[in-house]
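Listed below are the residues making up each chain.
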Amino acid sequence: MVERILENFCNVLRLLLGVLIAVLAIPVGMQVLARYTGIIPVYLWTEELATFIFVWAVMIGSTIAVWEGTHFDVRVMPDAKRPFFKLLQDGFVLVMITGFAILFAVYGIEYAKFGSIQNSPMMRANMLITHISVPIAGVVWTLFAGFRLFQAFAAYRHGPKETS
């Protein structure tokens, strides 16, 4: 049941990411038209808006990648064949992801507080809009990686036993 809830949450994140990427095309398109064609005047706020959307897209995309196991995992050794060593390989990666996620969540709060006292130069928007994405991503990474770590232990416990 927990896996279904987290998968549904990830589906919402996927939908949100798709919407953000579609919306990102608008200010970027305006920038291209303004710079290379002269059809419309150069609007400086479009660059800030594109940056805000891009930051959120990166953070949401990284949380989806943690859920899918397609990010933060570089294999320098071949996949282990024995269940215990497979648990060690996967567990190490997931523990490291969880550790960094906790750092992002904890120290991201101070980063978000710092952003809350600043405004962007062109749009005059509070920078908390982008800075809050760091601790939020850290919390979601922790949740997703922690669940995957739980699954790895469960697979080891209930999987075939090793023979020496």
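Bear in mind the structure is a predicted one, so any value in this text is a computation, not a measurement. (Residues numbered from 1 in each chain as written. Predicted model: local features only at pLDDT ≥ 70, side-chain atom pairs only at ≥ 80, totals over all residues. Heavy atoms only, no water.)

> What's the story with the packing of aromatic side chains in this structure? I'm lost.
Two descriptors summarise a pair of aromatic rings, namely the distance from one centre to the other and the angle between the planes of the rings. Tallied over the entire structure, the rule returns 8 aromatic pairs. Aromatic pair Phe9 and Phe144: ring centres 6.0 Å apart, planes at 65°, arrangement edge-to-face. Placement of Phe9 in helix H1 (residues 2-36) and of Phe144 in helix H5 (residues 133-158) is noted, with a sequence separation of 135 residues between them. A connected cluster of aromatic rings, assembled from ring pairs, spans Phe9, Trp67, Phe144, Phe147 and Phe150. Above the face of the Trp67 ring, Arg148 is positioned so that its terminal group lies 3.8 Å from the ring centre. (Phe/Tyr/Trp six-rings, centres within 6.5 Å; stacked < 30°, edge-to-face > 60°. Helix = DSSP H or I, 4+ residues; strand = E, 2+ residues; numbered from the N terminus. Lys NZ or Arg CZ within 6 Å of the ring centre and 35° of its normal.)

> Help me understand the packing of helix H2 (residues 45-68) against H5 in this model?
Axis angle and axis distance: for two packed helices, these are the angle between their axes and the distance between the axes, and together they describe the pair. Interaxial distance between H2 and H5 falls to 8 Å at its minimum, and their mutual angle equals 10°. With respect to their mutual orientation, H2 and H5 come out roughly parallel. Touching Val55, Trp56, Met59, Ser62, Thr63, Val66 and Trp67 of H2 are Ser133, Val134, Ile136, Ala137, Val140, Trp141, Phe144, Ala145, Phe147 and Arg148, all from H5. (Axes fitted to C-alpha atoms, helices over the stretch in contact; angles between N-to-C directions. Parallel < 35°, antiparallel > 145°, perpendicular 65-115°, else oblique. Contact = heavy atoms within 4.5 Å.)

> Which parts of the structure should I look at to understand the environment of Leu143?
Summarising the element assignment, Leu143 is placed in helix H5. We classify Leu143 as partly exposed; its relative accessible area is 44%. (Buried < 20%, exposed > 50% of the residue type's maximum accessible area, 1.4 Å probe, protein only.)

> Can you help me understand the environment of Arg75 in this one?
As for its placement among the helices and strands, Arg75 is situated in the loop between H2 and helix H3 (83-116). With a relative accessible area of 35%, Arg75 lands in the partly exposed category. Put simply, Arg75 and Val32 are 43 residues apart on the chain and 39 Å apart in space, counted from C-alpha to C-alpha. Those residues in contact with Arg75 that sit more than four places away from it in its chain are Lys86, Gln89 and Asp90.

> Just checking my understanding: could you explain the nonpolar core for this structure?
Buried together is how nonpolar side chains tend to be arranged in soluble globular proteins. Formed by 26 residues in total, the largest nonpolar core has its most connected members in Leu13, Val66, Trp67, Leu94, Ile97, Trp141 and Phe144. Elements represented by at least two residues in this core include exactly H1, H2, H3 and H5. It is H5 that provides the largest number of residues to this core, a total of 9 residues. (Core = buried A, V, L, I, M, F, W, Y, C linked by side-chain atoms within 4.5 Å.)

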